[in-house]
Amino acid sequence: MSSAKARSGRDIVDFSYSLPSDLDNAVKKARERWGQADSTVRLWKKDPSLWTNQDEGKWLGWLDVVDEEMASVSRFKALAAEIAEDGFTHLVLLGMGGSSLCPEVFSLTFGKQPNAPELLVLDSTDPVQIRSLRAKIDPRRTLFCVSSKSGTTLEPNIYMQYFFEETRKEVGDGAGNHFIAVTDPGSKLETVAGQLGFRRVYHGVPSIGGRYSALSDFGLVPHAGMGLDTKKLLERTALMVEASKLPDASQNAGVTLGLILGTAAIQFRRDKVTLHCSKSIFDLGAWLEQLLAESTGKQGHGLIPVDREPLLRPEEYSSDRVFAFIKFAGDSNDELDGAASALERARQPVVRIVLKDLDDIGQTFFQWEIATAVAGSVIGINAFNQPDVEASKVATRELTAAFEKSGSLPAEQPLLDQDGIQLFTDPANAAALVNGAHSTLGGVIRKHLDRIRPGDYFGLLAYIPMFPEYEAKLQEIRKSILESKRVATVLGFGPRFLHSTGQAYKGGPNSGVFVQITCDDAQDLPVPQQKYTFGIVKAAQARGDFQVLAERKRRALRVHLGKDLGSGLDHLRDLICAAIAH
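As a convention, each chain's residues are numbered from 1 in the sequence order in which they are written. In keeping with the predicted nature of the model, local features appear solely for residues at pLDDT of at least 70, side-chain atom pairs appear and are counted solely at 80 or more, and the whole-chain, interface and lining totals rest on all residues. Neither water nor hydrogens contribute to the side-chain values; these are computed over all heavy atoms in the structure.

Before going further, it helps to examine the overall build of the chain. Looking only at helices and strands, the chain features 21 helices and 17 strands. Across its three principal axes, the chain shows a C-alpha extent of roughly 60 × 60 × 45 Å. The buried label applies to any residue whose accessible area, calculated with a 1.4 Å probe on protein chains only, is under 20% of its type's maximum; exposed applies above 50%, and partly exposed to all values in between. Every one of the 582 residues in the chain was classed for burial, and the buried ones make up 61%. Contacts were defined at the residue level, with two residues in contact if any of their heavy atoms lie within 4.5 Å. In the chain, the proportion of contacts linking residues at least 24 apart, taken out of those at least 6 apart, comes to 78%. In the form shown here, the chain has an accessible surface area of approximately 21,100 Å², with 48% of it arising from carbon and sulfur atoms. Numbering of helices and strands runs from the N terminus, with a helix taken as a DSSP run of H or I at least four residues long and a strand as a DSSP run of E at least two residues long. Only the protein chains shown count as cover for residues, with accessible areas throughout obtained via the Shrake-Rupley method and a probe of 1.4 Å.

Okay, here's the thing in structure tokens:
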């Protein structure tokens, strides 16, 4: 084992790592190659030849955005003062992926601030979840932030239609004054915002992709709007920006982290990046999931982020992981500290990052952005496109268009329908799962789980409300697979993961075994100006997602539950526990 610590100071997050000797030697060689090629300088010069020499240079605006935002930071203070003066009690962010995950981190990390609105984030088309959020707010005292880089993303547009109508019912023609937008200049959303009389439009930077946009207006407008000190965040982040320019990779925390992740994946098949974040910053993993998966998971390669997975004993892990422990210094977490030390003693690769101040979350964003770009270079892919995300969007659009025409989604034939649960899959997966006419739910599920091999990962893709009680039941299922199969496990709620980890599940290594979960909605919700409902959109997204998984020859099974979701999840847990005990 070899341990090291990259350059840090009083004002920079602490970064250290411990690697098994073979990986450590490979990383040292990668660092030498990186330095000999002057790669850090080339990165800051936005040289596309670091990746695939295509259009990567056009997507590196995030390198400069902290300085640019600092130059106009007073506008964020003005926004916060305006919101406070108008007495808004809630700020509701309507977005997906890169537009919603960073604001969610701010909301869950910092919580409600004095004399400022509570920030809530909506990134689900589930009608029950949308109704739940609606019940928490008074539109007359709510400011909505519609956040969409392209301005054409389906979900934020229909969220906007619904909440604009709800607000119009309460305040009449002044509804537009309850809305702001963050979008790229000249987008369709900017045009609509003008037509509807939005209070203000903030602009993104066209050369920054969504998952790299945390430190642009997409992250900073909600940060300021919820009453946080945006100037302090940027000032502290600027220290990491400068440290990330150091040409000596051994002194550069972002570059070193990227070399570790890329080398571990491409040379040692350690492609499961297992994230453990301490309690104050536990939601950071959700943001990191998108950054890592969408940037690197393509062309059969990539990093599979594993967030919020229960801990095992060190000897129960296989050799396909890199562990990242990210901690706020104010958190006392003996369990995570002990787990990291035990893994180091077991010769597993462990990265440790310690934030000295919660506002160092910006430094952490930037360090991982640099690391992801570097890892993409090592792996040999374009770290700034997302070719497989669009495939699911196309499939969803085709299904919703079909509904608008005919009033129904295309009919489906279940593989099996027993005890209130239906199973669906494509013909290729069906051929592997069903033999003869007497298949049972348990038998099919067991055959599906028996397809998990060493080096694989198991994924639960749940198109259900993201409520704590349902997440707890899914975590039970996840833990049972983890402990019995000893493979990495991931959990995503649909449709939000489509704009995040979905890219890696479809375009990354074909090592995932997936169970998609859908349900009958207890109560649907109309989308104003459309024939389709939110429930129909969610169903179309799930079908489109599964269709692309099947096209990519992924091992996937869809389990459809009834309206009693809690009982359905309990039944599914029992079936899975029985299957793995067989």
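Here we take up the environment of glycine 492. Among the structural elements, glycine 492 can be located in strand S15 (residues 488-493). Overall, glycine 492 belongs to the buried group, its relative accessible area being 6%.

Salt bridges, as used here, are contacts in which a Lys or Arg side-chain nitrogen is within 4 Å of a carboxyl oxygen on Asp or Glu. Inspection of every chain in the model, using the stated rule, returns 48 salt bridges. Its salt-bridge partner being arginine 200, residue glutamate 82 comes within 3.2 Å of it at the nearest N-O pair. One end of the pair, glutamate 82, is in helix H4 (residues 74-85); the other, arginine 200, is in strand S7 (residues 200-203), and 118 residues separate them in sequence. The salt bridge involving glutamate 294 is made with arginine 211; its shortest N-O contact spans 3.1 Å. With glutamate 294 in helix H12 (residues 284-296) and arginine 211 in the loop between S7 and helix H9 (217-225), this residue pair connects regions lying 83 residues apart in the sequence. Because the salt bridges share partners, they merge into one network encompassing Lys473, Glu476, Asp570, Arg573 and Asp574.

Before going further, it helps to examine the packing of aromatic side chains. Centre distance within 6.5 Å is the pairing criterion for rings of Phe, Tyr and Trp, where only the six-membered ring of Trp is used; planes under 30 degrees apart are then read as stacked, over 60 as edge-to-face, and the remainder as tilted. Taken as a whole, this structure holds 22 aromatic pairs when the rule is applied. Between the aromatic rings of tyrosine 457 and phenylalanine 514, the centroid separation amounts to 5.8 Å while the plane-to-plane angle is 80 degrees, which identifies the pairing as edge-to-face. Within this pair, whereas tyrosine 457 is found in strand S14 (residues 457-462), its partner phenylalanine 514 is found in strand S16 (residues 512-519), the two being separated by 57 residues in sequence. Each member of the pair, tyrosine 457 as well as phenylalanine 514, is classed as buried.

This paragraph deals with the sheet that holds strand S5 (residues 142-147). Spatially, S4-S3-S5-S6-S7 is the arrangement adopted by the 5 strands of the open sheet, whose pairing is parallel. Each edge of the open sheet is held by one strand with a lone partner, namely strand S4 (118-122) and S7. Across the sheet, the axes of successive neighbouring strands diverge by a mean angle of 20 degrees, strand direction being ignored. At least two bridges found by DSSP between two strands is the condition for calling them paired. Relative to S4, strand S3 (residues 90-94) runs parallel, the two being bridged by 5 bridges. Looking at the pairing, leucine 91 lines up with leucine 119 of S4. Under this scheme, a helix contributes an axis fitted over its contacting stretch, all axes are lines through C-alpha atoms, and angles between N-to-C directions fall in the 0 to 180 degree range. On the sheet, helix H8 (residues 188-196) packs against S5, strand S6 (179-183) and S7 and is oriented at approximately 160 degrees with respect to S6.

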